[in-house]
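# Survey of secondary and tertiary structure
Each chain, written out:
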Amino acid sequence: MREKKPRNMNEKEYEMVELLRKLDMNRPVALTIATLASGDEITSREIEATSDLRQPEVSIAMRFLRDNNWVEIREEKKNEGKGRPVKLYRLITPLEEIIGSIEEKVLYQSRSVLENIERLKSLT
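Residues numbered from 1 in each chain as written. Predicted model: local features only at pLDDT ≥ 70, side-chain atom pairs only at ≥ 80, totals over all residues. Heavy atoms only, no water.

With that settled, consider the pattern of salt bridges. Going through the model one piece at a time under the given rule, you end up with 6 salt bridges. For R27, the salt bridge goes to E57, with nearest N and O atoms at 3.8 Å. Of this pair, R27 sits in helix α2 (residues 27-36) while E57 is found in helix α4 (residues 55-67), placing the two residues 30 residues apart along the sequence. Beyond isolated ion pairs, a larger network of salt bridges with shared partners links R27, R54 and E57. (Salt bridge = Lys/Arg side-chain N within 4 Å of Asp/Glu carboxyl O. Helix = DSSP H or I, 4+ residues; strand = E, 2+ residues; numbered from the N terminus.)

Here it is, written out as structure tokens:
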């Protein structure tokens with residue numbers, strides 16, 4: 001496996017993070033989704049370097065992405081030496097579907113809030 005040079009997030013990815021944060025997504029998950037949005041398969045170290053997250057934050061984000069079936073994890077043995085295999089991550093759910101899922105959640109929450117407001121009105 002060839003180690004890629006870490007890259008910086010671009011303006012579009014930073015805007016994606018900001019918008020996801022405004023939709024109440026936690027920072028590590030938003031940064032990880034933006035980093036994986038290119039569709040490339042990358043290591044957790046590359047995610048850390050690109051997003052400026054620490055390893056535990058990447059692990060927490062990956063748990064969320066895995067629980068939602070949005071990411072694929074593949075292990076690859078190291079070419080040299082011993083140690084754990086390197087984990088490679090890739091979004092398997094198109095970004096449009098992830099956004100749709102977020103949209104459904106927001107709409108459900110909004111309807112619930114409006115129903116509660118209407119119920120409060122009826123009690124006065």
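Here the focus is the side chain of S51. Within the fold, S51 resides in helix α3 (residues 44-51). Residue S51 is classed as buried on the basis of its relative accessible area, which comes to 4%. Of the polar contacts made by the side chain of S51, one reaches the backbone oxygen of I47; its length is 2.5 Å. Excluding anything up to four places from it in sequence, S51 contacts M9, L31 and T35. (Buried < 20%, exposed > 50% of the residue type's maximum accessible area, 1.4 Å probe, protein only. Polar contact = N/O pair within 3.5 Å; in protein donor to acceptor, adjacent residues only side chain to side chain. Contact = heavy atoms within 4.5 Å.)

Here D52, not a glycine, exhibits a phi torsion of approximately 65°, which is positive. Not every positive phi belongs to a glycine, and N69 is a case in point at roughly 60°. Following the sequence through the fold, N69 ends up in the loop between α4 and β2 (71-76). The exposure class of N69 is exposed, given its relative accessible area of 55%.

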